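Notes for the structure review
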Amino acid sequence: MEKIIVRGGRQLNGTVKVEGAKNAVLPVIAASVMASKGKSKIHNVPALADVVTMKDVLSHMNATIHLHHNTLIVDAEKPLTTEAPFEYVSKMRASVLVLGPMLARYGHAKVAMPGGCAIGSRPIDLHLKGFEAMGAEVHVGNGFVEVFADQPLQGAKVYLDMPSVGATENIMMAAALAHGETVIENAAKEPEIVDLANFLNKMGANVIGAGTEIIKIIGVESLHGVSHSIIPDRIEAGTYMIAAAITGGNVLVEGAKSEHLRSLISKMEEMGVQFFEEKNGLRVIGPKELLPTDLKTLPHPGFPTDMQSQMMALMLHANGTSVITETVFENRFMHVEEFRRMNAKVKIEGRSVIVEGPVALEGAEVAATDLRAGAALILAGLTAEGYTRVCELKHIDRGYVDITGKLASLGADIERTKGTQEEMMVAEQMEKISSL
Ligand SMILES: CC(=O)N[C@H]1[C@@H](OP(=O)(O)OP(=O)(O)OC[C@H]2O[C@@H](n3ccc(=O)[nH]c3=O)[C@H](O)[C@@H]2O)O[C@H](CO)[C@@H](O)[C@@H]1O
Ligand SMILES: C=C(OP(=O)(O)O)C(=O)O
C-alpha cells in the first residue's frame, strides 16, 4: 500500500510555495461550461486529483478540456450532455457544482446524488431549494438528483438556513443566466466565493456583493469564455504555517494571503507563533513554547473547519489544555482515534475535543480518513519519535500537490513509498472491489 513515511525531529526552514486553491478552481471549472462563446483559460490550476475528476466530468459532458502545466483550457461552445454519473460524484462531492451551470444553460441537469462522507452527512437541500425558488423542478430518485426548467429560470429571493459554500456557488451560477434579479441572503462569504464571482463577472455576468452575506445577481442573456487566475489556497498555506510552527522552524509561505487567513493567524499568535508580512508571502516563526488555546470552527470569516485537524496537531504540543469545537460538520473528528495511536491525549465530548498537551508523540501506522486528517497526521509525524506511516493517500492527493516533496524541501525527513509488490496487488484488488 502506498504510504507517506515521516521520521520526526527535524526543524523546518526555508520557503514553500502555495498552489491555486482547490475550493476556488472546482467551482470555476464548473462555471466555465456556461460560456456559449469562446474558450476559458484558467491559470494557476493546482495539479490535484480533484481537478482531474472535474476535468473528467466536463469531458464526459462533451466539453473539450485540456490541462497544460497549470493552465486549463475549456471549450464548451458545442452542445453538452447534462449528466454526471456516480463514478465522478463518488470520488468528489464538488461534482454537484455542475448542477447550477447546466440547469441555467440547458434547462436540465442530472447528477448522481452525493452520499455522506467521513466528515458528515452533507446534504444538498439548500442548493435544491435555490433552484426551486428560481422555477426549476427537482426529482430525487434511483440515486440521482435531476433538475428541470421548461422555461428560463426566474430570478428569486433565496434565504440560506446556513451559509453553505456549495449552495451559494450553485445558486449564484444558476442565477447568472436567469431572467431578472436573484438575491441570496445569508450567503457564504469565503474568498473562494469572491473568486467565483470575479470569474463570472469577467464572463459577462452581473454579480454584486460577493464576500458579504447578501449577494445580488442580475441575470444576463449569455456568457463568454475568459482568462482567469485562481487565488492561492489558504488551507494549503495554513497547513505549511502549522508545519513551521510545530517544528519551531522559520518558513516563508510564498503566496499566502494574510487577509484570507485572519482567524488562523490570530489563533496561532495566541499560541505564541510569530508572523511577518513579506513581499512574496507570510513568514512564520515557531516559538520555543506553544501556549494552549480554544477554538470553534465557523463559516468564514470564522475559523475554517478545513484547518481544524491540523490545528489539533499543533495543540498536542501546547503547554496545557486546549478545546476545539466543531460546528460546521457533525462528524469531523475521525483523526482523533488516529492521533491516539500516536500517544496523543485527546478526548471527544459531544462536538468538542479536549486536547491535553504537551505530549511526546510516538510514530505509528495511521490512516488518512479525509484529506485534512491526512495532512494533520503528517504534521504530527514531523514531531513524533520514530516513524509515522500514513496510508489512504488518495484523500491527501485530492487537496495537496506533492506535500512530501514540499516538506522535504523544508528539511523534513519524509518520503512516499509505493509499498511491496504484494501490498500493491492487494490495494489494486481492494480498489476494484470498492468500485463495484
Ligand atoms: C469544494 C469545497 O469548496 N469544499 C468546501 C465547502 O464544502 P461544501 O460546500 O460542501 O460545504 P457547505 O458550506 O455547503 O457545508 C456547510 C454545512 O452546511 C450543511 N449543508 C450544506 C448544504 C446544504 O444544502 N445543506 C446543508 O445542510 C453541510 O452539511 C455542512 O454541515 O465548504 C466547506 C465548509 O467551509 C469546506 O469544508 C469544504 O472544503
Ligand atoms: C472537506 C474538504 O473538501 P470537499 O468539500 O471537497 O470534500 C476540504 O477541502 O477539506
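Residues numbered from 1 in each chain as written. Chains lettered and ligands numbered in written order. Predicted model: local features only at pLDDT ≥ 70, side-chain atom pairs only at ≥ 80, totals over all residues. Heavy atoms only, no water.

Let us now look at the overall build of the protein. A count of helical and extended segments in the protein gives 15 helices and 26 strands. In terms of principal-axis extent, the alpha carbons of the protein reach across some 65 × 45 × 40 Å. Residue burial in the protein is summarised as follows: out of 436 residues, 55% are buried. Within the protein, residue pairs in contact and separated by at least 24 positions form 73% of the contacts whose partners lie at least 6 positions apart. As displayed, the protein has an accessible area near 17700 Å², and 51% of this comes from carbon and sulfur atoms. On the protein, the mean spot of the 42 positive side-chain charges and the mean spot of the 52 negative ones are 3 Å from each other. (Helix = DSSP H or I, 4+ residues; strand = E, 2+ residues; numbered from the N terminus. Buried < 20%, exposed > 50% of the residue type's maximum accessible area, 1.4 Å probe, protein only. Contact = heavy atoms within 4.5 Å. Areas by Shrake-Rupley, 256 points an atom, 1.4 Å probe, with all protein chains shown as cover. Lys, Arg positive; Asp, Glu negative; His and termini not counted. Charge placed at Lys NZ, Arg CZ, Asp CG, Glu CD.)

Closest axis-to-axis distance for the helix α10 (residues 308-315)/helix α12 (residues 371-381) pair is 7 Å, and the angle between their directions is 20°. One way to sum up the angle between α10 and α12 is to call them roughly parallel. Like other packed secondary-structure pairs, α10 and α12 cross with a definite hand, here right-handed. On α12, the residues touching Ser 309, Gln 310 and Ala 313 of α10 are Arg 372, Ala 373, Ala 375, Ala 376, Leu 379 and Ala 380. Residue composition of the contact of α10 with α12, grouped by class: 6 nonpolar, 2 polar and 1 charged. (Axes fitted to C-alpha atoms, helices over the stretch in contact; angles between N-to-C directions. Parallel < 35°, antiparallel > 145°, perpendicular 65-115°, else oblique. Left-handed = near helix turned anticlockwise from the far one by under 90°. Nonpolar A, V, L, I, M, F, W, Y, C, P; charged D, E, K, R; others polar.)

Another aspect to go through is the site of ligand 1. Lining the immediate environment of ligand 1, one finds 16 residues, of which Asp 125, Leu 126, Ser 164, Asp 306 and Val 328 sit closest. Leu 126 places a main-chain nitrogen or oxygen 2.7 Å from an oxygen atom of ligand 1. Within the backbone of Val 328, one N or O atom sits 2.5 Å away from an oxygen atom of ligand 1. Considering ligand 1 on its own, with 730 Å² of exposed area, one finds that the protein chains cover 85% of that surface. Broken down by secondary-structure element, the contributors of at least two residues to the shell around ligand 1 are α5 (125-133) and α6 (165-176). For the shell around ligand 1, the leading source of residues is α5, giving 3 residues. (Near = heavy atom within 4 Å. Polar contact = N/O pair within 3.5 Å; in protein donor to acceptor, adjacent residues only side chain to side chain.)

Per the counting criterion, the structure on display carries 21 salt bridges. Notably, a salt bridge pairs Glu 185 with Lys 157, separated by 3.9 Å at the nearest N-O pair. One end of the pair, Glu 185, is in strand β12 (residues 181-185); the other, Lys 157, is in strand β11 (residues 157-159), and 28 residues separate them in sequence. When its relative accessible area of 23% is taken as the criterion, Glu 185 is described as partly exposed. For Lys 157, a relative accessible area of 62% translates into the label exposed. Asp 306 serves as the salt-bridge partner of Arg 332, at 2.7 Å between the closest nitrogen and oxygen. Within this pair, whereas Arg 332 is found in the loop between β21 (321-325) and α11 (334-341), its partner Asp 306 is found in the loop between β20 (294-296) and α10, the two being separated by 26 residues in sequence. (Salt bridge = Lys/Arg side-chain N within 4 Å of Asp/Glu carboxyl O.)

What follows covers the packing of aromatic side chains. Tallying each qualifying case throughout the model produces 0 aromatic pairs. Residue placement shows Lys 110 over the ring face of Phe 144; its charged tip is 4.8 Å from the ring centre. (Phe/Tyr/Trp six-rings, centres within 6.5 Å; stacked < 30°, edge-to-face > 60°. Lys NZ or Arg CZ within 6 Å of the ring centre and 35° of its normal.)

The next thing to look at is the packing of α10 against α11. Relative to each other, α10 and α11 sit at 30°, their axes nearing to 10 Å. Judged by the angle between their axes, α10 and α11 are roughly parallel. You can see that α10 and α11 cross each other, and the crossing is right-handed. Seen from α10, the contacting residues are Gln 308, Ser 309, Met 312 and Ala 313; seen from α11, they are His 335, Val 336 and Phe 339.

With numbering aligned to this structure, UniProt lists the feature "modified residue: 2-(S-cysteinyl)pyruvic acid O-phosphothioketal" (unreviewed entry) at Cys 117. Position of Cys 117 relative to the elements: it lies in the loop between β8 (108-112) and α5. Given a relative accessible area of 32%, Cys 117 falls into the partly exposed group. Not counting residues up to four positions away in its chain, the partners in contact with Cys 117 are Arg 93 and Arg 122. (UniProt positions renumbered as here; feature names shortened; annotations may be inferred.)

Surveying the vicinity of ligand 2 reveals the residues Lys 22, Asn 23, Ile 119, Arg 122, Asp 306, Arg 332, Leu 371, Arg 372 and Arg 398. Within the side chain of Arg 372, a nitrogen or oxygen atom sits 2.8 Å from an oxygen atom of ligand 2. For ligand 2, the protein covers 89% of the area, taking 290 Å² as the surface of the free molecule. When grouped by side-chain class, the residues that make up the shell around ligand 2 number 2 nonpolar, 1 polar and 6 charged.

Here His 300 and Pro 301 are connected by a cis peptide whose omega angle stands at 10°. Within the secondary structure layout, Pro 301 lies in the loop between β20 and α10. A cis geometry characterises the amide bond from Gly 357 onward to Pro 358, with omega recorded as -5°. Position of Pro 358 among the secondary structure elements: in the loop between β23 (352-356) and β24 (365-367).

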